[in-house]
Amino acid sequence: MIGSVPEGILLGVGNPLLDMTITGPDAKSLLKEYNLLPNNAILAKEEHMSLFEKCVKQYNPIYLAGGATQNTIRVAQWLLQRPNATTFFGAAGKDMYEEILMKKATEVGVNVKYDIHPEKSTGKCCAIITGEDRSLVTDLGAAKLFDINFLNDREIWSLVEKAKYFYIGGFTLSVNKSAVLKILQHAADNDKVVIMNLHATFLCSHFADSELNILQYVDVLFGNGDEAKELGKEVGFTTSDVKKIGLETAHLPKVNSRHGRTVIFTQGRSPTIIARRDEIQEIPVVPVEKDLIKDTNGCGDAFVGGFLSQFVQGEHTEKCIQCGSYAAREVIQNFGCNFPEKPNFVANDKS
């Protein structure tokens, strides 16, 4: 099946960040030097900017090509094991961070195309790990500058035309709605499949915006329980029940009526909700042994990546979910969205 996966079948659009993780004795001194709380997440201010360069030049961080959507595409690529089966678009600067980011993003086989903005530094996130605590400092930098003009390049647009599936993160809507809409319209006009992720409660208003009307293009929607409830409020549903919100979202109007809409809401250790047509499925979550857990960051991204790796091959939803759970289980045993060199997913096929 994998041998038949064509190049460029899945294209992701998101905000790329260079993830750098610091552990060990150096971590505590960095927290103290930059007056950071051990278990917190902040956007970098001016006084934090030297932290990133210091990490690169004085420490030995673990580097990963991050950002939620890029994480998902990397995981899907890892599972597909076909070079350039996936493509990723996002914006970056032209600096040492971009060089590291590109190297880490391409080494698993993703065809990465960054919209380069030399006037801005590449987006990055420093994770300082002390025990079970994790302090995150993020500078979005050039990731916020993704431009619709990038899509007008002939080589870039040819990759859009080649793709059959599009995965677009909710974070991208806060960066450039017109670029997202250009891709969504192409997908609708050419009977291609659009997968989107709510990604955060504060982004749900974009999905509920009646003028933007993003949801009409979406064939598969991912989110978690909190995002589901926020989406329900924003859209105007009269229920806060996640299952009912899933079903009502599945029934919202679509531009491309040839595909029904599938809605998938994860709920941590509680069952995953799948809503499609007039049915609801609840898929139990198999808990990971506590002593195997290193870092839960990136697990949600990995789950979607695992799902997509099977979905683009035409596999049934249950197998897609199984692969998503497998990917999340592998990633949770590492710092950041990291995984073994080779996957060993085996489906428990009951069909």
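These numbers were taken from a predicted model, which means no experiment stands behind them.

Trainee: Help me out: how do you make sense of the overall build of the protein in this one?
Mentor: Looking only at helices and strands, the protein has 12 helices and 14 strands in total. Relative to its length of 351 residues, the protein is compact, with a C-alpha radius of gyration of 19 Å against a globular reference of 20 Å. Projecting the C-alpha coordinates of the protein onto the three principal axes gives extents of approximately 55 × 50 × 45 Å. When burial is assessed residue by residue, the protein has 56% of its 351 residues classed as buried. Across the protein, contacts joining residues at least 24 apart in sequence account for 73% of those joining residues at least 6 apart. Just so you have it, the protein exposes about 15,700 Å², and 48% of that area is on carbon and sulfur atoms. Computed over 37 positive and 43 negative side-chain charges, the inter-centroid distance for the protein is 2 Å.

Trainee: So what exactly am I meant to see when it comes to the UniProt feature "active site" (unreviewed entry) in the protein here?
Mentor: Mapped onto this numbering, the UniProt entry gives "active site" (unreviewed entry) at D301. Inspection of the secondary structure puts D301 in helix α11 (residues 299-311). D301 has contacts with A68, N71, T72 and H199, leaving out every residue within four places of it along the chain.

Trainee: Where do I start with helix α10 (residues 242-250) in this structure?
Mentor: What sets the pattern is the α-helix's 3.6 residues per turn: residues three or four places apart point alike. Buried residues of α10: V242, I245, G246, T249 and A250, and no others. The buried residues of α10 occupy one face: seen down the axis, they fall within an arc of 135°. Close packing links the buried residues of α10 with β11 (220-224), α9 (225-235), β12 (262-267) and β13 (270-276). Structurally, the start of α10 carries an N-cap: the backbone nitrogen of K243 is 3.0 Å from a side-chain oxygen of D241.

Trainee: Help me understand the packing of aromatic side chains in this model?
Mentor: Aromatic ring pairs are defined here through the distance separating the ring centres and the angle between the ring planes. Counting across every chain of the model gives 11 aromatic pairs. Each ring, one from F171 and one from F202, has its centre 6.3 Å from the other, and the planes form 55°; the classification is tilted. Residue F171 is found in the loop between β9 (165-169) and α7 (177-189), and its partner F202 is found in the loop between β10 (193-197) and α8 (204-208); the two are separated by 31 residues along the sequence. Accessibility expressed as a relative area gives 29% for F171, which makes it partly exposed. For F202, a relative accessible area of 57% gives the class exposed. The lysine or arginine in question, K124, covers the ring of F52, its NZ or CZ lying 5.3 Å from the ring centre. Of note, K124 hangs over the ring of Y97, and the distance from its end group to the ring centre comes to 4.7 Å.

Trainee: Where do I start with the sheet that holds β9 in this structure?
Mentor: Strand pairing in a sheet relies on backbone hydrogen bonds. The paired strands run either parallel or antiparallel. Overall, mixed pairing links the 9 strands, which are arranged β6-β5-β1-β9-β10-β11-β12-β13-β14 in an open sheet. The two strands at the open ends of the sheet, each matched to only one other strand, are β6 (111-116) and β14 (279-283). Strand-to-strand twist in this sheet, taken as the mean axis angle between neighbours without regard to direction, amounts to 15°. Pairing of strand β5 (residues 86-92) with β6, which is carried by 6 bridges, proceeds in the parallel orientation. Within β6, the position partnered with F89 by the bridge is K113.

Trainee: Before we go on, may I ask you to explain the pattern of salt bridges in this structure?
Mentor: Scanning the entire structure with this criterion turns up 12 salt bridges. Note that D219 and K254 form a salt bridge whose closest N and O atoms lie 2.7 Å from each other. You can see D219 sitting in the loop between α8 and β11 and its partner K254 sitting in the loop between α10 and β12, a full 35 residues away along the chain. In this pair, the class of D219 matches that of K254, namely buried.

Trainee: Whenever I open this one, empty space enclosed by the protein confuses me. Can you help?
Mentor: Empty space among the atoms can be located by rolling a probe the size of a water molecule over them. Applying the stated rule across the entire model yields 1 cavity of 30 Å³ or more. Considered as a void within the structure, the largest cavity measures approximately 50 Å³ in volume. If you go around the largest cavity, the residues you meet are L184, A187, A188, K192, V194, Q216, Y217, D219, K254, V255 and N256. Top element by residues in the lining of the largest cavity is α7. It accounts for 3 residues. Classifying every residue of the lining of the largest cavity by side-chain character gives 6 nonpolar, 2 polar and 3 charged.

Trainee: So what exactly am I meant to see when it comes to the sheet that holds strand β3 (residues 40-43) here?
Mentor: If you trace the 5 strands from one edge of the open sheet to the other, you get β3-β8-β7-β2-β4, paired in mixed fashion. Each of the sheet's edge strands pairs with one partner strand only, and the pair in question is β3 and β4 (62-66). Strand-to-strand twist in this sheet, taken as the mean axis angle between neighbours without regard to direction, amounts to 15°. By the bridge criterion, 4 bridges tie β3 to strand β8 (residues 133-139) in an arrangement that is parallel. Opposite I42, over in β8, you have V137 as the bridge partner. In the packing of helix α3 (residues 68-80) onto the sheet, contacts are made with β2 (17-22) and β4, and the angle to β4 comes to roughly 95°.

Trainee: Would you mind showing me how to read unusual backbone geometry here?
Mentor: The general pattern is negative phi for most residues beyond glycine and trans for most peptide bonds. The phi dihedral of N35 is positive, around 55°, even though this residue is not glycine. Positionally, N35 belongs in the loop between α1 (25-33) and β3. The backbone of H199 sits at a positive phi, close to 70°, despite the residue not being glycine. Assignment of secondary structure puts H199 in the loop between β10 and α8. A relative accessible area of 13% places H199 in the buried class.

What counts, and at which threshold
Residues numbered from 1 in each chain as written. Predicted model: local features only at pLDDT ≥ 70, side-chain atom pairs only at ≥ 80, totals over all residues. Heavy atoms only, no water. Helix = DSSP H or I, 4+ residues; strand = E, 2+ residues; numbered from the N terminus. Rg over C-alpha atoms; globule rule 2.2 N^0.38 Å. Buried < 20%, exposed > 50% of the residue type's maximum accessible area, 1.4 Å probe, protein only. Contact = heavy atoms within 4.5 Å. Areas by Shrake-Rupley, 256 points an atom, 1.4 Å probe, with all protein chains shown as cover. Lys, Arg positive; Asp, Glu negative; His and termini not counted. Charge placed at Lys NZ, Arg CZ, Asp CG, Glu CD. UniProt positions renumbered as here; feature names shortened; annotations may be inferred. Arc of directions from axis to C-beta. Polar contact = N/O pair within 3.5 Å; in protein donor to acceptor, adjacent residues only side chain to side chain. Phe/Tyr/Trp six-rings, centres within 6.5 Å; stacked < 30°, edge-to-face > 60°. Lys NZ or Arg CZ within 6 Å of the ring centre and 35° of its normal. Pairing = 2+ DSSP bridges. Axes fitted to C-alpha atoms, helices over the stretch in contact; angles between N-to-C directions. Salt bridge = Lys/Arg side-chain N within 4 Å of Asp/Glu carboxyl O. 1 Å grid on protein atoms, 1.4 Å probe; cavity = no way out; pocket = protein on both sides within 12 Å on 5 of 7 lines; lining within 4 Å. Points joined across faces, edges and corners; volume = space filled by probe spheres on them. Nonpolar A, V, L, I, M, F, W, Y, C, P; charged D, E, K, R; others polar.

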